[in-house]
Amino acid sequence: MSRPLRITVFGTGYLGTAHAACLASLGFDVLGVDVDAARIGALEAGRLPFYEPGLETLLRKGLRSGRLGFTTSYPSAAVFGDVHFICVGTPQRPGAPGADLSQFEACFAGLAPLLRRPCLVVGKSTVPPGTAAGYAQRLPVTAPAGAGAELAWNPEFLREGRAVADTLRPDRIVAGVWSDRAEATLREVYAEPLAAGVPFLVTDPATAELVKAAANAFLATKISFINAMAEVCEVTGAALRPGLGFGGGCLPKDIRALAARAAELGVDQALSFLHEIDAINGRRRTRLVDLAREAAGGRLEGRRVGVLGLAFKPGSDDIRDSPALEVAARIRALGARVAAFDPAAMDRARRVHPDLDYAGSVLGAARDADVLLLLTEWPEFSTADPEVLAKTVARRTVVDARHALDAAAWRASGWDYRAPGRPARPGAASDGPLTRDSGITDRDADLSQAEVACLAAAS
């Protein structure tokens, strides 16, 4: 009987750490690899370098069991692993819309020459469609194992705040492979979720890359569509429930990278609409600043503004391209005194914007505020008591950027309640639930099973 697969995970950021800890919880021996020695040291001590519910408990359990370890040594990882997952970042290029693949290139170039026995290298990083083909050609030439070292692509579909559940019980698993052996290996890795009924969709690697890119583009389009309709609502008296738009470390840079890739391939007109999607998303932030100015009496200079929420979504401390943090910073730049509170993202926000004031609670942020802004829909904000908050603010004026509050209850407590996409005056339109983008990230509303199946069939 052959021994169980041993797995390495290169890159111990959000994706890599979640993937490593979850695979260890499924019974695999897993080695996380990173060039950042300080990060590796923290993980070995059972400390997460970011906020993710439930993941630190899983990390410590894996360490105690001996199934999970971490290293900075590529040679050790090459000897250890049968399957090597590459989970490094692919950020936006500085000053350009395309994807920066330098981390992926460095990881591949460091690992491939060390592969001396049959193994499977699996890309999980989000890359432009067509990336895998070049690496698949290089791998057997560069690796001493030759054709015994294969490449596959297995895109991730994680939601920040739900990474553990999304890894252990995903909606589907997409396997982009060139061989039956690679498919069989990935089926072995994911045997437990497959046994629980998770769909396993087999494609070629290019389609696997495109499934991820298309999912994010489709989601961004849905969000910006409802937000564009909100702009119409505000001048017609109709009402929808839009939001502040999307942000984070994935969706904005991924749609720009896809549009840039289309231009490289000569089909830029096919995806030209993505530029407008991006522009609509940016306008939501400008609109919120304008709405805050209106709510504050026509000017922000000298006003006290309470801000609830800095992370790009609840359940996360991620402030990358956070609409909430950008709005807070822009209001501060217009001369307002901003007191902000977020349950998880305060430390990260302080490092980027030390010019803001940071409160220790919802009440602290609201104290003496001329206007209160709800910018990230954490549950403790949605359930805040308007009667209690009314006693601490200077003026009972609230702008609910995420439509997370009970508008009728706040108005009944004497608040001037405002929200994007809806009339300022009560009674002009329904306060009932309609539709919204709130809380959606790069997986919640992605391609349906039928749409993914169509892509798979095309392979």
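This text follows the structure it describes.
Residues numbered from 1 in each chain as written. Predicted model: local features only at pLDDT ≥ 70, side-chain atom pairs only at ≥ 80, totals over all residues. Heavy atoms only, no water.

Colleague: Run through the overall build of the protein chain, naming residues and quoting values.
Modeller: The number of helices and strands found in the protein chain is 19 helices and 14 strands. Radius of gyration (C-alpha) of the protein chain: 24 Å, near the 23 Å computed for a compact globule of 459 residues. Based on the C-alpha atoms only, the size of the protein chain along its principal axes is roughly 70 × 50 × 40 Å. Counting only residues that meet the buried cut, the protein chain has 56% of its 459 residues in that class. Of the contacts made within the protein chain by residues no fewer than 6 positions apart, 75% connect residues no fewer than 24 positions apart. (Helix = DSSP H or I, 4+ residues; strand = E, 2+ residues; numbered from the N terminus. Rg over C-alpha atoms; globule rule 2.2 N^0.38 Å. Buried < 20%, exposed > 50% of the residue type's maximum accessible area, 1.4 Å probe, protein only. Contact = heavy atoms within 4.5 Å.)

Colleague: An account of the environment of Ser382 is requested, with residue identities and associated values reported.
Modeller: Inspection of the secondary structure puts Ser382 in helix α16 (residues 379–382). The exposure class assigned to Ser382 is partly exposed, which follows from its relative accessible area of 27%. Here the alpha-carbon distance between Ser382 and Asp406, two residues 24 residues apart in the chain, equals 7.9 Å. Leave out the neighbours within four places in its chain, and Ser382 touches Glu377, Ala404 and Leu405.

Colleague: Give me unusual backbone geometry: which residues, what numbers.
Modeller: The residue Asp321 is not glycine, and still its phi comes out positive at about 50°. By secondary structure assignment, the location of Asp321 is in the loop between β9 (304–308) and α13 (323–333). When its relative accessible area of 30% is taken as the criterion, Asp321 is described as partly exposed. Even without a glycine there, the phi angle at Asp368 is positive, about 60°.

Colleague: Give me the packing of helix α10 (residues 205–236) against helix α11 (residues 251–264): which residues, what numbers.
Modeller: Packing of α10 against α11 leaves a shortest axis separation of 9 Å and a crossing angle of 115°. Between α10 and α11, the crossing angle belongs to the class labelled roughly perpendicular. Handedness of the crossing formed by α10 with α11: left-handed. Across the interface between the two elements, Lys212, Ala213, Asn216, Ala217, Leu219, Ala220 and Ile223 from α10 touch Leu251, Asp254, Ile255 and Leu258 from α11. Across the contact of α10 with α11, the residue classes break down as eight nonpolar, one polar and two charged. (Axes fitted to C-alpha atoms, helices over the stretch in contact; angles between N-to-C directions. Parallel < 35°, antiparallel > 145°, perpendicular 65-115°, else oblique. Left-handed = near helix turned anticlockwise from the far one by under 90°. Nonpolar A, V, L, I, M, F, W, Y, C, P; charged D, E, K, R; others polar.)

Colleague: How would you explain the packing of aromatic side chains if you had to name every residue and give the values?
Modeller: All chains considered together, the criterion is met by eight aromatic pairs. Between the aromatic rings of Phe108 and Tyr135, the centroid separation amounts to 4.8 Å while the plane-to-plane angle is 65°, which identifies the pairing as edge-to-face. Of this pair, Phe108 sits in helix α5 (residues 102–111) while Tyr135 sits in helix α6 (residues 131–142); the two residues are 27 residues apart in sequence, bridging distant segments of the chain. On the basis of relative accessible area, Phe108 is assigned to the buried category, the value being 3%. According to the relative accessible area criterion, Tyr135 is buried, its value standing at 8%. Ring geometry for Trp410 against Trp415: centres 4.8 Å apart, planes inclined by 65°, an arrangement best described as edge-to-face. No difference in accessibility class separates Trp410 from Trp415, as the two residues are buried. (Phe/Tyr/Trp six-rings, centres within 6.5 Å; stacked < 30°, edge-to-face > 60°.)

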